[in-house]
There are 2 protein chains.
Amino acid sequence: MIYLDNAATTYPKPTEVINAVNKSFSLYGANPGRSGHNLSINTAMEIYSAREKLNALFDGYGSEFVSFTMNCTYALNMAIKGVLKNGDHVIMSSLEHNSVLRPIYKMKNEGLITSSVFTVTHDVEETISNLKNEIQDNTKLIIVTAVSNVFGDILPLEQISKVAKENNILFFVDGAQGAGVIPLKMQKLGINCLCVPGHKGLLGVMGVGVILHDGCITETIIEGGTGSESFYFLQPQNFPEKLEGGTLNVPAICGLKKGVEIVSSYGVENIFKEETALMKMMFNELSNMRKVVLYRNEYNEKMKAPLIAFNIKGYHSEEVAGFLNENSVAVRGGYHCSPLAHKTYGTEDTGAVRISPSRFTTKKDVNYVINLLQKIAKNKKV
Amino acid sequence: MIYLDNAATTYPKPTEVINAVNKSFSLYGANPGRSGHNLSINTAMEIYSAREKLNALFDGYGSEFVSFTMNCTYALNMAIKGVLKNGDHVIMSSLEHNSVLRPIYKMKNEGLITSSVFTVTHDVEETISNLKNEIQDNTKLIIVTAVSNVFGDILPLEQISKVAKENNILFFVDGAQGAGVIPLKMQKLGINCLCVPGHKGLLGVMGVGVILHDGCITETIIEGGTGSESFYFLQPQNFPEKLEGGTLNVPAICGLKKGVEIVSSYGVENIFKEETALMKMMFNELSNMRKVVLYRNEYNEKMKAPLIAFNIKGYHSEEVAGFLNENSVAVRGGYHCSPLAHKTYGTEDTGAVRISPSRFTTKKDVNYVINLLQKIAKNKKV
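Residues numbered from 1 in each chain as written. Chains lettered and ligands numbered in written order. Predicted model: local features only at pLDDT ≥ 70, side-chain atom pairs only at ≥ 80, totals over all residues. Heavy atoms only, no water.

## With respect to the relation of the copies chain A and chain B
Then step 1. Of the transformation superimposing chain A on chain B, the axial component is 0.0 Å and the angular component is 180 degrees, with the fit at an RMSD of 0.0 Å. Taken together, the turn and the small shift mark the pair as related by a two-fold rotation axis. In terms of C-alpha distance to the rotation axis, chain A has A:Met70 as its closest residue, with the C-alpha 2.6 Å off the axis.
Then step 2. A symmetric contact is evident, with 100% of the interface residues of chain A recurring at the interface of chain B. (Least-squares fit on C-alpha atoms with pLDDT ≥ 70 in both. Contact = heavy atoms within 4.5 Å.)

Structure below.
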């Protein structure tokens, strides 16, 4: 099987990551931060070390401001609901995933907050102007994805951050598709909170997400045992415990630590470069196929993460994905939990086929898929 | 090392569980419920099979009413905040963990709800009478732990459920310490919602909890991508997706499925019997040591899960746990995220040493610990 659905979860995982998970079952098998025996303390130290690696990779505000969740969606819920209060206004981009859209619409639906969407185009100036138009006196937060999970657009984070800072607005980033793919430096980019999944670009296994922040998260949505301040009836206010109720997902965190080490030592820039070369090659081949729609005229790698969304005229994206699956190629078709993005690109009817590589993807894989797509793009019907 | 901190997390995990986790990295390595390719579909089927096993073990209301979370605390937050609304009253027992106490106090602190605590004693009639005294017209929910995480008390679930039903009140159970240790049959016991951790009595790895319910959960605290109803801006209302935003913790769920298979085929009653025999033996030996305080006069296995909480006069519980740790025995001392339980038993000053076995604990282990404790219980100071 040629797996090109890495934007959903990277597959396979590096052997080193799987080994780290396995090592955790013996070396870090106790509940960290609960008991005082050696196994528990060793586990807590390993978890802390994972916080340090993540803080370093993302230029965070300190290891104590790195908390672990089940996935990026949980992290985003904690972030959004951790700062928005009754009467606040929030702005998001037109490329947001349901993990940002739905928590915001839940709060909106309850009459707590108001929200606006600014349209992201291929022109940065226009995008920023669209953003500025949405700012209100009560705008508390601007939240954007770093990379569109469907179309791969890289958002102009530096410029968006500048607007946020100028208007004294918090700036949060959904790193679901950006982490481990493009450099995300919190302090440098003025990001107040960054949420990332462990199991995509960071090469960890499924079951862990991370919320990194600068201390701005005031409210919690999960409270429980933290192993600290046992007699305090409310959630402790110190980080990282404040955002970590209950037992941590230790094996997944240990795997993630190794994934972060691999990504950090190889370099996000190098991963980007390699995957971009493959996707450029695919883009160029696809743009020669008459029936293929690619949703951009050229491959501008400054504004595009290495993934390709396309359709073939006359087919629903699910049909194309099904045809590839029958030929042992795994991609995602249909809708991608991102209704605004599909509206922005006009793919509400067909969805889109998404091809997303990882560092394990080869030129041979890409050529195999190109050959397959040539067949279907030529035929009248599969 | 002799590990007797299984109430924090069971250790070691069965080899079959670790193998199941490892198998998942190749066989179930895609994101379930997202894409339509074979690897994603196979993963989704494996996850569904885990729901079925859990539903069967706990006599649940159907596999669609089994949702996965990061841990039991997340599940309890979803349960409590999923039903309590402005103006509601909730009753909890005096043995609740911070995972129940803190979400309730958060809502109370915000002025949304009111709450009462009923005292659990060693007399069931008295306990039930205490419960009845707390019922108000606006009582929406009674929530209790199945087993005290500190002192091992088994709560009279059947009688509590009867009171709840008679008063048309929802009945939720925190199965953190009860799952896989005592039989918890939801339909038989009239439990509307049961929350359990995957990594304790169910022998899974850390990183997964489960919420099982009868459909009573109306509100969500986490919203996000579910791979379903992509164009619906609010969280889908169908279960299990409603309670599962974002990517599932697939490897931990695959391990949990195997853990549940092991527990189900061996029989919860048999596990209870074996562990109880060991703890009875320890209890009897400890009750012969003059300086040891055991917080009950006799070992009544009908009201006691197989774990022992004790103190040695003249020592703080942390000192005793530290002494055991130096002698390669892992137990938990101090406080156990359960302030009400410590108040109920009058251990606010010393905390308690907790010895908790698993199915891997042997008679030899127990004897080793008894010998060690004899030394410290005789000496003036360690």
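## Thoughts on the sheet that holds strand S2 (residues 66-69) of chain A
All names here are of chain A.
Then step 1. Pairing in this open sheet of 7 strands is mixed, and the strands run S2-S8-S7-S6-S5-S3-S4 from one edge to the other. Looking along the sheet, the strands with just one partner apiece sit at the ends: S2 and strand S4 (114-118). Pairs of neighbouring strands in the sheet enclose a mean axial angle of 20 degrees, with direction left out of account.
Then step 2. Alignment of strand S6 (residues 170-174) against strand S7 (residues 193-197), held across 3 bridges, turns out to be parallel. Each bridged residue has a counterpart across the sheet, and for Asp-174 the counterpart in S7 is Cys-195. (Pairing = 2+ DSSP bridges. Helix = DSSP H or I, 4+ residues; strand = E, 2+ residues; numbered from the N terminus. Axes fitted to C-alpha atoms, helices over the stretch in contact; angles between N-to-C directions.)

## Regarding the nonpolar core
Within soluble globular proteins, side chains that are nonpolar generally end up buried alongside one another.
Then step 1. Residues A:Phe58 and B:Phe58 are the most contacted members of the largest nonpolar core, which totals 204 residues.
Then step 2. For A:Phe58, the residues in contact, after removing those within four places along its chain, are A:Ala179, A:Leu184, A:Lys185, A:Met186, A:Leu194, A:Val196, A:Leu202 and A:Leu212. (Core = buried A, V, L, I, M, F, W, Y, C linked by side-chain atoms within 4.5 Å. Buried < 20%, exposed > 50% of the residue type's maximum accessible area, 1.4 Å probe, protein only.)

## Focus on the sheet that holds strand S9 (residues 292-293) of chain A
Residue and element names in this part refer to chain A.
Then step 1. If you trace the 3 strands from one edge of the open sheet to the other, you get S9-S10-S12, paired in antiparallel fashion. Sheet topology places S9 and strand S12 (353-355) at the edges, where each strand pairs with a single neighbour.
Then step 2. Sheet topology note: the strand S10 (residues 308-312)/S12 ladder contains 3 bridges and is antiparallel. Among the inter-strand pairings, Ile-308 is bridged to a residue of S12, identified as Ile-355.
Then step 3. The sheet contacts of helix H9 (residues 268-287) involve S9, S10 and S12, and relative to S10 the element is tilted by about 20 degrees.

## Thoughts on the packing of aromatic side chains
Then step 1. Tallied over the entire structure, the rule returns 17 aromatic pairs over all chains.
Then step 2. When the centroid spacing of 4.9 Å and the interplanar angle of 80 degrees are considered together, the rings of A:Phe233 and B:Tyr105 count as edge-to-face. Of this pair, A:Phe233 sits in the loop between strand S8 (209-213) and helix H8 (250-266) while B:Tyr105 sits in helix H4 (residues 98-109), placing the two residues on different chains.
Then step 3. Seen in terms of ring centroids, A:Phe283 and A:Tyr299 are 5.6 Å apart; in terms of plane orientation they differ by 85 degrees. Their pairing is edge-to-face. (Phe/Tyr/Trp six-rings, centres within 6.5 Å; stacked < 30°, edge-to-face > 60°.)

## Some thoughts on helix H9 (residues 268-287) of chain B
All names here are of chain B.
Then step 1. When the terminal C-alpha atoms of H9 are compared, their 27 Å separation across 20 residues agrees well with the 28 Å that a helix rising 1.5 Å per residue should span.
Then step 2. Three or more residues of H9 are buried, namely Val-268, Ile-271, Phe-272, Glu-275, Thr-276, Leu-278, Met-279, Met-282, Phe-283 and Leu-286.
Then step 3. Summarising the contacts, the buried residues of H9 are in contact with helix H2 (38-57), helix H8 (250-266), strand S9 (292-293), strand S10 (308-312), strand S12 (353-355) and helix H12 (363-378). (Expected span 1.5 Å × (residues − 1).)

## Considering the interface of chain A and chain B
Then step 1. Across the boundary between the two partners, chain A contributes 83 residues, which contact 83 residues of chain B.
Then step 2. For the chain A and chain B pair, buried surface summed over both sides reaches about 6,500 Å², with 61% attributable to carbon and sulfur atoms.
Then step 3. In this assembly, chain A and chain B are joined by 6 salt bridges.
Then step 4. Salt-bridge contacts for A:Lys106 lead to B:Glu223; the nearest nitrogen and oxygen are separated by 3.5 Å.
Then step 5. The tally of links between chain A and chain B comes to 37 residue pairs in polar contact (both at pLDDT 80 or more).
Then step 6. The set of elements that each furnish at least two residues to the side of chain A that touches chain B consists of helix H1 (15-27), helix H2 (38-57), S2, helix H3 (72-83), helix H4 (98-109), H8 and helix H11 (339-345) of chain A.
Then step 7. With 8 residues, H4(A) is the largest single contributor of residues to the side of chain A that touches chain B.
Then step 8. For the side of chain A that touches chain B, a count of residues per class yields 36 nonpolar, 35 polar and 12 charged. (Buried area = accessible area lost by both parts, 1.4 Å probe. Salt bridge = Lys/Arg side-chain N within 4 Å of Asp/Glu carboxyl O. Polar contact = N/O pair within 3.5 Å; in protein donor to acceptor, adjacent residues only side chain to side chain. Nonpolar A, V, L, I, M, F, W, Y, C, P; charged D, E, K, R; others polar.)

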